[in-house]
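Survey of secondary and tertiary structure
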Amino acid sequence: MTVNVLVFPCGSEIGLEIHAALRHAKDVSLHGASSVPDHGEFVYARYRQITAQADSAELVSQLNALIDAWSIDLVVPAHDSVIPVLADNQQRLHAPAMVPEPAMAATCRNKNLTYGRLQGLGIVPRRVELGSADYPIFAKPAVGQGSQGAERVDNDERHRLLAGSGIEYVFSEYLPGTEYTVDCISSADGTLLHAAARVRGRVKSGISVRTEPVATAPELEAMALAIAAELRLKGAWFFQARRDRQGVPKLLEVAPRIAGSMALNRMRGINYPLLGIYAYLGKPFTVLPQHYPLVMDRALGNRWRAELAYERVYLDLDDTLLVRGAPEPQVMALLYQWNTRGIPVVLVTRHATEPVQTLARHRICADLFERIVHLRDGSPKSAVIPPGESAIFIDDAYRERADVASTRGIPVFDVDAVEQLREVRA
């Protein structure tokens, strides 16, 4: 049975990881929504923008409209601020949400409440009150995400200013050591099945953009077991910790959601969004973690919306389909995309030998092409393209592209530009 999943807001880093984890899942149909224009529309094939944000009274009714229209079976939050809203409105939502009970959602959203709940476990950093500080200390808004507003406080003056700012802060001992995220997966009854610690090597806007597994982490695994036993979170969740001056890891926060950089441990065998869905739907599952060195490093990537309408593709062979003596992966992916969509491809080449034999040598099926035009007389490639045809032309040679563009007036592309033609939404 296919599970219809609605991710909100789908363009966050969390929403993008959920999409990456679930886009190939045969039993999941992804749907995305956001309240602002974001990257989600370039990633989710089934996407809607709504007007209501997390603090809007209209959010539930607008989500319900999408739930009804798309026959949604489960709503998956992709931002910390959405979790308590969905938890508080479970009875009003037309589909269950992948969130804990309201009290637990509120506890995890507020770090002061989290520390109070877990104080007895001996993993919480020492709280610091005004007048008793041994500076430096650490300050962070009790409700927030992405390290926003977090800072090192070096003197009493700054401490008093933050304390009187009207924002609820957590003031705790300064933790100068290594920082970790521990990705956790628990069963439907809250039993911890696996915890995978990773180092937050490079952080940007609160997101681990470089991270790698910790080889052995008994202290962090013990923390995971203790937190799981106390909070009984189900599905996917994580916590962050940092070592104090004595090298002992202390808790920073607990979040009952997917983390954007869970992709690292997903590569090693644990699909947190998918298993989280199974947990919330009451489906049994097991985990199969793998252990080997792996580093994930993230940077900005591009997605495209090219408003091109074409009915046929004319494609070059040398240095276009074959680059440096091997099939170009992105062009090969496009060949299969066009074949699936019924868009014919004509191979137009001045290849020195028989093109079909070269294709066979590289295990490229000649049936992927409507026909193969082998030019031996020096005639222009534009002569192969009928005037007025709705087509595109792909060739690494500028001279060939310039001729086709001027004589036929159709879009032309070098190999570096074909990525915009791929449909990668799901």
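Note that the structure is a prediction, hence the values are computed from the model and not measured.

**Description of helix H10 (residues 329-341)**
An ideal rise of 1.5 Å per residue puts 18 Å on 13 residues; H10 measures up with 19 Å between its terminal C-alpha atoms. If you check which residues of H10 are buried, you get Val331, Met332, Leu334, Leu335, Gln337 and Trp338. Of the residues one or two after H10, Gly342 is the one with positive phi, at around 75 degrees.

**Concerning helix H4 (residues 102-109)**
Buried residues of H4: Met104, Ala105, Thr107, Cys108 and Arg109, and no others. Summarising the contacts, the buried residues of H4 are in contact with helix H3 (82-88), helix H5 (111-118), helix H7 (218-231) and strand S12 (249-255).

**Overview of the pairing of S12**
With 7 of 7 residues buried, S12 is to be regarded as a mostly interior element. Pairing between strand S11 (residues 235-243) and S12: 6 bridges, direction antiparallel. The residue of S12 that forms the bridge with Gln240 is Glu253.

**Considerations on the sheet that holds strand S4 (residues 74-77)**
Think of a sheet as strands paired side by side through backbone hydrogen bonds, with each pair either parallel or antiparallel. Taken together, 4 strands build an open sheet; the order of strands is S3-S2-S1-S4 and the sheet is parallel. Two strands bound the open sheet, and with one partner strand each, they are strand S3 (47-49) and S4. The sheet shows a mean angle of 25 degrees between the axes of neighbouring strands, taken without regard to direction. Alignment of strand S1 (residues 3-8) against S4, held across 4 bridges, turns out to be parallel. Counterpart to Leu6 in the pairing with S4 is Val75. Where helix H2 (residues 59-70) meets the sheet, it contacts S1, strand S2 (28-34), S3 and S4, and its direction lies at approximately 150 degrees from that of S1.

**Comments concerning the environment of Glu173**
Assignment of secondary structure puts Glu173 in strand S7 (residues 169-173). Judged by its relative accessible area of 8%, Glu173 falls in the buried class. Expressed as a C-alpha distance, the spacing of Glu173 and Arg152, which sit 21 residues apart in the sequence, is 9.9 Å. Beyond its immediate stretch of four places on either side in the chain, Glu173 contacts Pro125, Arg126, Val128, Phe138, Asp244 and Lys250. Reaching out from Glu173, the side chain makes a polar contact with the backbone nitrogen of Arg126 at a distance of 2.8 Å.

**Overview of the nonpolar core**
If you look at soluble globular proteins, the nonpolar side chains tend to sit buried side by side. Ranked by size, the top nonpolar core spans 35 residues in total, and within it Val5, Val7, Ile18, Val28, Tyr44, Tyr272 and Ile277 carry the most contacts. Contributing elements (two or more residues each) for this core: S1, helix H1 (13-22), S2, S4, S11 and helix H9 (272-280). Not counting residues within four places of it along the chain, the set of residues in contact with Val28 comprises Thr2, Val3, Val5, Leu22, Leu274 and Ile277. Listed in part, the 27 residues of the second largest apolar core include Cys184, Leu192, Leu233 and Trp237.

**Focus: the packing of aromatic side chains**
Under the defined criterion, the tally for this structure stands at 2 aromatic pairs. An angle of 25 degrees between the planes, with centres 5.6 Å apart, marks the rings of Tyr169 and Phe171 as stacked. Above the face of the Tyr174 ring, Arg152 is positioned so that its terminal group lies 5.2 Å from the ring centre. Taking NZ or CZ as reference, Lys234 lies 4.6 Å from the ring centre of Tyr280, over its face.

**Details of the side chain of His159**
Along the chain, His159 turns up in helix H6 (residues 156-163). Assessed through its relative accessible area of 1%, His159 is described here as buried. Not counting residues up to four positions away in its chain, the partners in contact with His159 are Val128, Glu129, Leu130, Ala133, Tyr135, Ile137, Val153 and Phe171.

**Thoughts on the sheet that holds strand S5 (residues 137-141)**
Read from one edge of the open sheet, 3 strands run S6-S5-S7, paired in antiparallel fashion. On the outer flanks of this sheet lie strand S6 (151-153) and S7, each paired with one strand and no other. Each strand axis lies, on average, 30 degrees off the axis of its neighbour in the sheet, ignoring direction. As paired strands, S5 and S7 are joined by 5 bridges and run antiparallel to one another.

**What to know about the pattern of salt bridges**
In this structure the tally under the stated criterion is 26 salt bridges. For Arg242, the salt bridge goes to Glu179, with nearest N and O atoms at 2.7 Å. With Arg242 in strand S11 and Glu179 in strand S8 (residues 179-186), the pair connects residues that are 63 residues apart, well separated along the chain. Glu179 sits in the buried class, given a relative accessible area of 17%. Where Arg376 meets Glu354, a salt bridge forms, and the shortest distance between an N and an O atom there is 3.8 Å. Of this pair, Arg376 sits in the loop between strand S18 (371-374) and strand S19 (391-394) while Glu354 sits in the loop between strand S17 (345-349) and helix H11 (355-361), placing them 22 residues apart in sequence. Among the ionic contacts, a cluster of salt bridges with common partners joins Arg312, Glu370, Arg371 and Glu389.

**Details of empty space enclosed by the protein**
Enumeration according to the criterion identifies 3 cavities of 30 Å³ or more in this entry. Of the volumes computed, that of the largest cavity is approximately 110 Å³. Around the largest cavity sit Asp80, Ile83, Pro84, Ala105, Cys108, Arg109, Lys111, Gly144, Glu253, Val254, Ala255 and Pro256, which together line it. Counting only elements with at least two residues in the lining of the largest cavity, the list comes to H3, H4 and S12. Here the lining of the largest cavity is built from residues that sort into 7 nonpolar, 1 polar and 4 charged. By volume, the second largest cavity is sized at about 70 Å³. If you trace the second largest cavity, you find it lined by Lys111, Tyr115, Pro125, Phe138, Lys140, Val170, Ser172, Leu175 and Leu252. Breaking the lining of the second largest cavity down by element, the ones donating at least two residues are H5, S5 and S7. Within the lining of the second largest cavity, the residues separate by chemical class into 6 nonpolar, 1 polar and 2 charged.

Thresholds, definitions, all that
- Residues numbered from 1 in each chain as written.
- Predicted model: local features only at pLDDT ≥ 70, side-chain atom pairs only at ≥ 80, totals over all residues.
- Heavy atoms only, no water.
- Helix = DSSP H or I, 4+ residues; strand = E, 2+ residues; numbered from the N terminus.
- Expected span 1.5 Å × (residues − 1).
- Buried < 20%, exposed > 50% of the residue type's maximum accessible area, 1.4 Å probe, protein only.
- Contact = heavy atoms within 4.5 Å.
- Pairing = 2+ DSSP bridges.
- Axes fitted to C-alpha atoms, helices over the stretch in contact; angles between N-to-C directions.
- Polar contact = N/O pair within 3.5 Å; in protein donor to acceptor, adjacent residues only side chain to side chain.
- Core = buried A, V, L, I, M, F, W, Y, C linked by side-chain atoms within 4.5 Å.
- Phe/Tyr/Trp six-rings, centres within 6.5 Å; stacked < 30°, edge-to-face > 60°.
- Lys NZ or Arg CZ within 6 Å of the ring centre and 35° of its normal.
- Salt bridge = Lys/Arg side-chain N within 4 Å of Asp/Glu carboxyl O.
- 1 Å grid on protein atoms, 1.4 Å probe; cavity = no way out; pocket = protein on both sides within 12 Å on 5 of 7 lines; lining within 4 Å.
- Points joined across faces, edges and corners; volume = space filled by probe spheres on them.
- Nonpolar A, V, L, I, M, F, W, Y, C, P; charged D, E, K, R; others polar.

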